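Residue-level listing of the chains:
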Amino acid sequence: FNIEGGCYAKTVGLTREKEPEIYDAIRFGSILENVGFDEMTGQVDYDDVSITENTRVAYPLKFIPNAKIPAKTEHHPKQIILLTCDAFGILPPISKLTPDQVMYHFISGYTAKVAGTEEGVLEPEATFSACFGAPFLVWHPSVYAEMLAAKLDKYGAT
């Protein structure tokens, strides 16, 4: 799920049998990324990894049966979970962080590039992506960290 009210999913090896809701959501209005297809028929080949194994689809939430539209709740979360791909065991599996620690880890964006998600990566590589999305940031990462800290404080989230 993303903040724009849609979904984003990996498609490598996708079949209706494995992921029927995602498979059926791929229709007019969806956007496929890095996915091979037959130029004559337009038939998509979800097993084609000639570009990369990091094949994706983005589609509106309304393409999922029984989705809650709009995707809103009456309350704000009380717990925030930062997910990272820690291929080296640097971080403890679960940690309760102070607001300063949350801002630090959010800004650093520690993760790892792993085979299947990055072209040419065969072994895990430690990397950092500010706010876990550096290529998409308009402002300096500290602006986003301050916004996060303000929300945590305002709503009493941890």
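See the structure shown above.
The present account deals with the structure reproduced in this document.

Rules and cut-offs
Numbers given for residues are sequential positions, taken from 1 along each chain in its written order. Where local features are concerned, this predicted model is filtered to residues with pLDDT of at least 70; where side-chain atom pairs are given and counted, the filter is 80 or more; whole-chain, interface and lining totals use all residues. By convention in this description, side-chain values take in all heavy atoms of the structure and omit both hydrogens and water. Helix and strand definitions follow DSSP, with helices as H or I runs of at least four residues and strands as E runs of at least two, each counted in order from the N terminus. Throughout, a contact is declared for two residues whenever any of their heavy atoms are within 4.5 Å. Exposure was quantified through the Shrake-Rupley algorithm and a 1.4 Å probe, taking into account, for residues, occlusion by the shown protein chains and nothing else. Charge counting follows a simple rule: Lys and Arg are positive, Asp and Glu are negative, and His as well as the terminal groups are ignored. A charged residue contributes its charge at one atom only: NZ of Lys, CZ of Arg, CG of Asp or CD of Glu. Every axis in this analysis is a line fitted to C-alpha atoms, fitted for helices over the stretch in contact. Angles between the N-to-C directions lie between 0 and 180 degrees. Here a crossing is called left-handed whenever its near helix is offset anticlockwise from the far helix by less than a right angle, and right-handed whenever the offset is clockwise. Here the nonpolar group is Ala, Val, Leu, Ile, Met, Phe, Trp, Tyr, Cys and Pro; Asp, Glu, Lys and Arg are the charged ones; every other residue, Gly included, is treated as polar. What goes into a patch is any residue over 30% in relative accessible area without a salt bridge, connected to like charges within 9 Å or, for nonpolar side chains (Val, Leu, Ile, Met, Phe, Trp, Tyr), within 5 Å. Definition used for salt bridges: Asp or Glu carboxyl oxygen within 4 Å of a side-chain nitrogen of Lys or Arg. Classification of residues uses two cut-offs on accessible area relative to the type maximum, computed with a 1.4 Å probe and protein chains only: under 20% is buried, over 50% is exposed, and between them is partly exposed. Any two strands with at least two DSSP-identified bridges between them are counted as paired. Stacked, edge-to-face and tilted labels apply to pairs of Phe, Tyr and Trp rings (six-membered ring for Trp) whose centres lie within 6.5 Å, assigned for plane angles under 30 degrees, over 60, and everything in between, in that order. Consider the ring centre and the ring normal. A charge sits over the ring if Lys NZ or Arg CZ is within 6 Å of that centre and within 35 degrees of that normal. Residues belong to one nonpolar core when they are buried, are Ala, Val, Leu, Ile, Met, Phe, Trp, Tyr or Cys, and are joined through side-chain atoms within 4.5 Å.

Observations regarding the overall build of the chain
Move 1: Regarding its fold elements, the chain presents three helices and seven strands.
Move 2: When the helices and strands of the chain are read in sequence order from the N terminus, they spell out β-α-β-β-β-β-α-β-β-α.
Move 3: If one aligns the C-alpha atoms of the chain with their principal axes, the spans along those axes are about 55 × 40 × 30 Å.
Move 4: Put simply, of all contacts in the chain between residues at least 6 apart along the chain, 57% involve residues at least 24 apart.
Move 5: When the accessible surface of the chain is split by element, carbon and sulfur atoms take 58% of a total near 11500 Å².
Move 6: In the chain, 13 side chains carry a positive charge and 21 a negative one; their mean positions are 12 Å apart.

Overview of the packing of helix α2 (residues 99-108) against helix α3 (residues 141-155)
Move 1: Interhelical geometry of α2 versus α3 gives an angle of 145 degrees and a closest axis separation of 9 Å. As for how α2 packs across α3, the hand of that crossing is right-handed. Between α2, through V102, M103, F106 and I107, and α3, the contact on the second element is made entirely by P141, S142, Y144, A145, E146, L148, A149 and L152.
Move 2: For the contact of α2 with α3, a count of residues per class yields 10 nonpolar, one polar and one charged.

Regarding a nonpolar patch on the surface
Move 1: Side chains of V138, W139, V143 and M147 sit close together on the surface and give an oily, nonpolar patch of about 410 Å² of accessible area.
Move 2: Position of W139 relative to the elements: it lies in the loop between β7 (125-128) and α3.
Move 3: Take W139: its relative accessible area is 49%, and that puts it in the partly exposed class.

Looking at the sheet that holds strand β2 (residues 31-33)
Move 1: The strand order β1-β5-β2 describes an open sheet built from three strands, whose pairing is antiparallel. Edge positions in the sheet fall to β1 (6-10) and β2, since each has one partner strand and no second. The sheet shows a mean angle of 15 degrees between the axes of neighbouring strands, direction not considered.

Some remarks on the packing of aromatic side chains
Move 1: Counted by the stated rule, this structure contains four aromatic pairs.
Move 2: Each ring, one from Y110 and one from F128, has its centre 5.6 Å from the other, and the planes form 50 degrees; the classification is tilted. Linking Y110 in strand β6 (residues 110-113) with F128 in strand β7, this pair joins segments that are 18 residues apart in sequence.
Move 3: Aromatic side chains W139 and Y144 sit 5.6 Å apart centroid to centroid with 35 degrees between the ring planes, which places their arrangement in the tilted category.
Move 4: We classify Y144 as buried; its relative accessible area is 18%.
Move 5: The ring of F63 has R27 lying over it, and the distance from NZ or CZ to the ring centre is 3.9 Å.

As for the pattern of salt bridges
Move 1: Counted by the stated rule, this structure contains one salt bridge.
Move 2: Here R16 and D24 are joined by a salt bridge, their closest N and O atoms 2.6 Å apart.
Move 3: Residue R16 is classed as partly exposed on the basis of its relative accessible area of 45%.

Overview of the nonpolar core
Move 1: Counting 13 residues, the largest nonpolar core has I22, V57 and Y59 as its most contacted members.
Move 2: Residue assignment for this core shows that the elements contributing at least two residues are β1, α1 (20-25) and β5 (56-60).
Move 3: When residues no more than four places from it in sequence are discounted, the contact partners of I22 are A9, L14, V57 and Y59.
Move 4: Counting residues in hydrophobic clusters, the runner-up holds 10 residues, among them V102, M103, C131 and Y144.

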